[in-house]
Amino acid sequence: NFNENEFVNRVKELSADAIIFTGGGLIRKPLLEATPKGILNCHMGILPIYRGMDLPEWAVLNGDFDQIGCSVHIMDSGVDTGPILSKFIVEPQLGDNIRSIRDRIEYHMTSVLSETAFQYLNDQIIPQKQSILEGKQFFTMMPMLLDVTEQKLSTAFNSKINQKTFQ
């Protein structure tokens, strides 16, 4: 359990500059404050607009095709509310479904997180604070809405192809 005192104390003993977090639960204040540069997380959503769960799905359902991707941020006590370090947009492509979009985001997350961590730890990035009033927190999408989302994704790109064909 990374929130237990024994783990937090071990992290402090290591004198690490930062922690890279790849998911697995909520982190409490003692661990959030255990390193000088905090805990970095690569979040599958474009912050600050999309916080929470199932964010590629919600972005598609909302028609925000330019807000699909991932963000690296410094974790704080809120849900995806910490300062933003970088964003990476993944554009939907012809034939995409939610799974293929998620796979493409996941493919890029490691390199985005690595590059961002390197730049941040070398003081090449200034963290951008988020306002709690920006964006929304989304929750797990219900299966019925997921079906609507898949249909919307398919329809959006079929209509783009038809528009290009007839121009």
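Residues numbered from 1 in each chain as written. Predicted model: local features only at pLDDT ≥ 70, side-chain atom pairs only at ≥ 80, totals over all residues. Heavy atoms only, no water.

### Regarding the state of the cysteines
All chains considered together, the criterion is met by zero disulfides. Cysteine 70 provides the cysteine sulfur closest to cysteine 42, a residue in no disulfide bond, and the two sulfurs are 3.9 Å apart. (Disulfide = S-S within 2.5 Å.)

### Here's the deal with the nonpolar core
Within the largest apolar cluster, 30 residues are counted, with the highest numbers of intra-cluster contacts made by Phe65, Ile68, Leu85, Ile105 and Leu153. By residue number, the principal contributor to this core is helix α4 (residues 98–121), which donates eight residues. Ignoring any residue separated from it by four or fewer positions in sequence, one finds isoleucine 68 in contact with Ile46, Pro56, Ala59, Val60, Phe88, Ile89, Val90, Pro92, Ile101 and Ile105. Counting 10 residues, the second largest nonpolar core, distinct from the first, contains Leu31, Ala34, Ile39 and Met75. (Core = buried A, V, L, I, M, F, W, Y, C linked by side-chain atoms within 4.5 Å. Buried < 20%, exposed > 50% of the residue type's maximum accessible area, 1.4 Å probe, protein only. Helix = DSSP H or I, 4+ residues; strand = E, 2+ residues; numbered from the N terminus. Contact = heavy atoms within 4.5 Å.)

### Re the pairing of strand β2 (residues 39–43)
Burial analysis of β2 places five of its five residues in the buried class, which makes it a mostly covered element. By the alternation rule, side chains of β2 split into Ile39, Asn41 and His43 and Leu40 and Cys42, which are all buried. In this structure, strand β1 (residues 19–21) lies alongside β2, joined through three bridges in parallel fashion. Bridge assignment links isoleucine 19 to a residue of β2, and that residue is isoleucine 39. Across four bridges, β2 lies against strand β4 (residues 69–74) in antiparallel orientation. (Pairing = 2+ DSSP bridges.)

### Considering the environment of serine 111
Secondary-structure assignment places serine 111 in helix α4. Between the C-alpha atom of serine 111 and that of phenylalanine 65, which follows or precedes it by 46 residues, the distance is 22 Å.

### Some words on unusual backbone geometry
In this structure, the amide linkage connecting leucine 47 to the following residue, proline 48, adopts the cis form with an omega of 5°. Along the chain, the position of proline 48 falls in the loop between β2 and β3 (50–52). Its identity is not glycine, yet aspartate 54 carries a phi of approximately 55°, on the positive side. Positionally, aspartate 54 belongs in the loop between β3 and α3 (55–61).

### Considering the pattern of salt bridges
Using the criterion set out here, one finds eight salt bridges in the structure. Here arginine 104 and aspartate 96 are joined by a salt bridge, their closest N and O atoms 2.6 Å apart. The class for aspartate 96 is buried, based on a relative accessible area of 13%. If you follow the salt bridges from partner to partner, you end up with Asp54, Glu57 and Arg102 in one network. (Salt bridge = Lys/Arg side-chain N within 4 Å of Asp/Glu carboxyl O.)

### Overview of the side chain of threonine 116
Among the structural elements, threonine 116 can be located in helix α4. Owing to a relative accessible area of 4%, threonine 116 belongs among the buried residues under this scheme. Within the local environment of threonine 116, its side chain forms a polar contact with the backbone oxygen of valine 112, the two atoms lying 2.7 Å apart. Contacts of threonine 116, omitting those with residues within four sequence positions, involve Val72, Leu85, Ser86 and Ile125. (Polar contact = N/O pair within 3.5 Å; in protein donor to acceptor, adjacent residues only side chain to side chain.)

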